[in-house]
Amino acid sequence: MKIAILTPTFSQFSGIDRVVEKEAENLSKEGHLVTIFCFKAHLETKHVQVIELGMPKNPTLERIYRLFFFFDFLKINRVLRRLKGFDKVICHQYPMTLFGYLAKKRFGVHYVYYDAGVAYPALFSSFIERTYMRLFRKLTILTVKKADEAISISKFLSRIL
């Protein structure tokens, strides 16, 4: 089976990315052809191909870009063309869930959402941060509603989902 794993970053400092690394390694050992798609990568793996999509280098611009990624029509279409031949896409976090949603809609690809949770907006003291997280949460919900499967890392997150 040809499987794409999508995660915003692929870094040794991210717990989600360590899960992706292990997941990709296990799927590859099972005989699947696995490709990781991410905006930026700091990890390398000999088991799978990593495709770095690129994004702004400035941390503030990076957050804005990720939130409003749905406006980058050229990159979305370029990545979707690459996802066309895959049997399954496993998406970790928005905006990667946008690719899962669109790949399912356009090509009938099996879409799996891997839920590690989204922080509650109320946890942030700044109005800008709370607003950012509210938008992030809404966009996540919109893009995971049509997933074929969802995997939650805990019973708590499963109930929220």
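Details of the structure are given in the entry above.
Owing to the predicted nature of the structure, the values given are computational and were not obtained by experimental measurement.

Reading the values: the criteria
Residues numbered from 1 in each chain as written. Predicted model: local features only at pLDDT ≥ 70, side-chain atom pairs only at ≥ 80, totals over all residues. Heavy atoms only, no water. Pairing = 2+ DSSP bridges. Helix = DSSP H or I, 4+ residues; strand = E, 2+ residues; numbered from the N terminus. Axes fitted to C-alpha atoms, helices over the stretch in contact; angles between N-to-C directions. Phe/Tyr/Trp six-rings, centres within 6.5 Å; stacked < 30°, edge-to-face > 60°. Buried < 20%, exposed > 50% of the residue type's maximum accessible area, 1.4 Å probe, protein only. Lys NZ or Arg CZ within 6 Å of the ring centre and 35° of its normal. Core = buried A, V, L, I, M, F, W, Y, C linked by side-chain atoms within 4.5 Å. Contact = heavy atoms within 4.5 Å.

Student: Quick question: what am I supposed to make of the sheet that holds strand E6 (residues 88–92) here?
Tutor: Strand pairing in a sheet relies on backbone hydrogen bonds, with the paired strands running either antiparallel or parallel. Taken in spatial order, the 6 strands line up as E5-E3-E1-E6-E7-E8 in an open sheet, and their pairing is parallel. The open sheet has two edge strands, strand E5 (49–52) and strand E8 (149–152), and neither has a second partner. Averaged over all pairs of adjacent strands, the angle between their axes in this sheet comes to 20°, without regard to strand direction. Both strand E3 (residues 33–38) and E5 contribute to a ladder of 4 bridges, which runs parallel. Residue pairing in the sheet places Cys38 in a bridge with Glu52 of E5.

Student: What is the right way to look at the packing of aromatic side chains in this model?
Tutor: Counted under the stated rule, the structure contains 10 aromatic pairs. Between Phe39 and Tyr65, the aromatic rings sit 5.8 Å apart at their centres with planes inclined by 75°, giving edge-to-face as the arrangement. With Phe39 in the loop between E3 and strand E4 (40–41) and Tyr65 in helix H2 (residues 59–67), this residue pair connects regions lying 26 residues apart in the sequence. A relative accessible area of 0% places Phe39 in the buried class. Overall, the relative accessible area of 17% leaves Tyr65 in the buried class. Relative to Phe70, the ring of Phe68 has its centre 6.1 Å away and its plane inclined at 65°; by these criteria the two rings are edge-to-face. Given a relative accessible area of 36%, Phe68 falls into the partly exposed group. Among the residues examined, Phe70 registers a relative accessible area of 28% and is labelled partly exposed. Ring pairing ties together the aromatic residues Phe39, Tyr65, Phe69 and Phe99, which thus form one cluster. Above the ring of Tyr132, the side-chain terminus of Arg63 is found at 4.2 Å from the ring centroid.

Student: Explanation requested: the nonpolar core in the structure shown.
Tutor: The nonpolar side chains of a soluble globular protein tend to be buried, and buried together. In terms of nonpolar packing, the biggest core is built from 25 residues, with Leu6, Phe37, Leu53, Leu83, Val89 and Phe99 touching the most fellow members. Taken together, the elements giving at least two residues each to this core come down to strand E1 (2–6), helix H3 (73–83), E6, helix H4 (96–107) and strand E7 (110–115). The dominant element in this core, judged by the number of residues it contributes, is H4, at 5 residues. Dropping the residues within four chain positions of it, Phe99 is found in contact with Leu6, Leu53, Phe69, Ile76, Val79, Leu80 and Leu83. In terms of nonpolar packing, the next biggest core, distinct from the first, is built from 16 residues, Ile5, Phe10, Val112 and Tyr114 among them.

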